[in-house]
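Read off the chains here:
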Amino acid sequence: MSNFYLPGTKHTPEVDFRYSEHRLSLKGECFPENAVKFFGDLMDRTQTYLSGLKGQMVEVNVQLTYFNSASTKLLFKMIADFDAASQAGNLVTLNWYYDEEDDTLEEFGRDIEDEYTSLKVEMHALSAL
Amino acid sequence: MNIALKEFAQIAQAIPAPPIARFVMSGDGESNVQDFRSFALRENVIFFFSGYLSQAVINTCAETIRARLDRLEAPSKIKRKLLAAFIEIAQNVVHYSSESSTPADQDDGEFRFGTICITGTDGKFVIMGSNPILFSSEPHLRGRLESIRAMNEEELRRAYRERLSAEESEEHSKGGGLGFLMLARDASAPIEFQFAQDPEWGDMFRMFYLRIAI
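Values in this document were obtained by computation on a predicted structure and should not be read as measured data.

## Section: the confidence of the model for chain B
Residue and element names in this part refer to chain B.
Working step 1: Mean pLDDT over chain B: 80, with 72% of residues reaching 70 or higher.
Working step 2: Averaged pLDDT values over the elements of chain B bottom out at 46 in helix H2 (residues 19-25) and peak at 96 in helix H8 (residues 178-186).
Working step 3: Confidence over residues 14-26 falls short of pLDDT 50; this stretch has 18 contacts with residues more than four positions distant or in other chains.
Working step 4: Between residues 98-110, whose pLDDT stays under 50, and residues either more than four places distant or in other chains, the model counts 16 contacts.
Working step 5: For this predicted complex, the interface confidence score (ipTM) comes to 0.93, while the overall pTM stands at 0.85.

What follows is the structure in structure tokens.
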């Protein structure tokens, strides 16, 4: 299926989901006017992609500086799909990037680790973002 | 708390003439500029907006606030929390303000009326927000906020985690109920709120005020 790219804006992240390369990246700010619309389409595509995988290594890179409450909820839901793909026999790694001074971002990464036990979560603290 | 909110309410309303409006409306041009500026300085107003909010307005205001906090050399943790609170409050106004009939009717590109003010100095800041809501929304909102206000840090964290993992109906999908919990967790004191009838808005509406110390 075709790769999906959206350039970042002041309030939405850059989306670089390279399904063909099994590398999916999100980077930037995340407070869309309508998080359901923003994430809904992305999640549909990604679910289709994931359901077609078998014993596949997938790399997910998330480097968000801020996400609003609606995005928080949907991001968590989207990550559930990655966890499900892991349970289905794929090896999905989630690289969680955050500013080392940002407790909120770090905590969210740990919450993902706690909740999604089949997913391989790698925490990456970045200095002076 | 009540006194601060009353002052805020006066600033936010056109009637009766609040300090800012008085300065602006009287004829003496020269002293107006100085009085207006010294008022803002005295109250340590960092940011004030009263009008129609949209995503574009929110984006620009966020940039302005960030620049202002940079110049004030506010600690980065405080900057982050204030910006997060601003975006959350401002987007709540856009999503839940009563000027459309139900959340389901709202599409993108909507403008909603609200007032947001940030004051602060010496690493201590306060963000206040106010917007009209349907009178019928008050009981539910009040209930939620009262229970959140009563929670300690650990209870807030647990409630937040529960909400995060919970299945949500389409109705609540815009906020997921997480917004107020996240605001409360970032706050340095229990969140404060008030509902008031406003003669300008009539019986169908209530003015909702939120005050958060960061």
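Still more to cover.
## Some details on the interface of chain B and chain A
Working step 1: In this assembly, 21 residues from chain B lie in contact with 17 residues from chain A.
Working step 2: For the side of chain B that touches chain A, the element with the highest residue contribution is helix H5 (residues 76-96) of chain B, accounting for seven residues.
Working step 3: Among the residues making up the side of chain B that touches chain A, the classes are represented as five nonpolar, nine polar and seven charged.

## Description of the sheet that holds strand S6 (residues 120-126) of chain A
All names here are of chain A.
Working step 1: Strand order in the open sheet made by the six strands is S1-S2-S3-S4-S5-S6, with mixed pairing throughout. The open sheet has two edge strands, strand S1 (4-6) and S6, and neither has a second partner. Put simply, the sheet's adjacent strands are angled 15 degrees from each other on average, direction ignored.
Working step 2: Packed onto the sheet, helix H3 (residues 103-115) meets strand S5 (91-99) and S6 and runs at close to 160 degrees relative to S5.

Conventions we followed
- Residues numbered from 1 in each chain as written.
- Chains lettered and ligands numbered in written order.
- Predicted model: local features only at pLDDT ≥ 70, side-chain atom pairs only at ≥ 80, totals over all residues.
- pLDDT = per-residue confidence, 0-100.
- Helix = DSSP H or I, 4+ residues; strand = E, 2+ residues; numbered from the N terminus.
- Contact = placed C-beta atoms within 7 Å.
- Nonpolar A, V, L, I, M, F, W, Y, C, P; charged D, E, K, R; others polar.
- Pairing = 2+ DSSP bridges.
- Axes fitted to C-alpha atoms, helices over the stretch in contact; angles between N-to-C directions.

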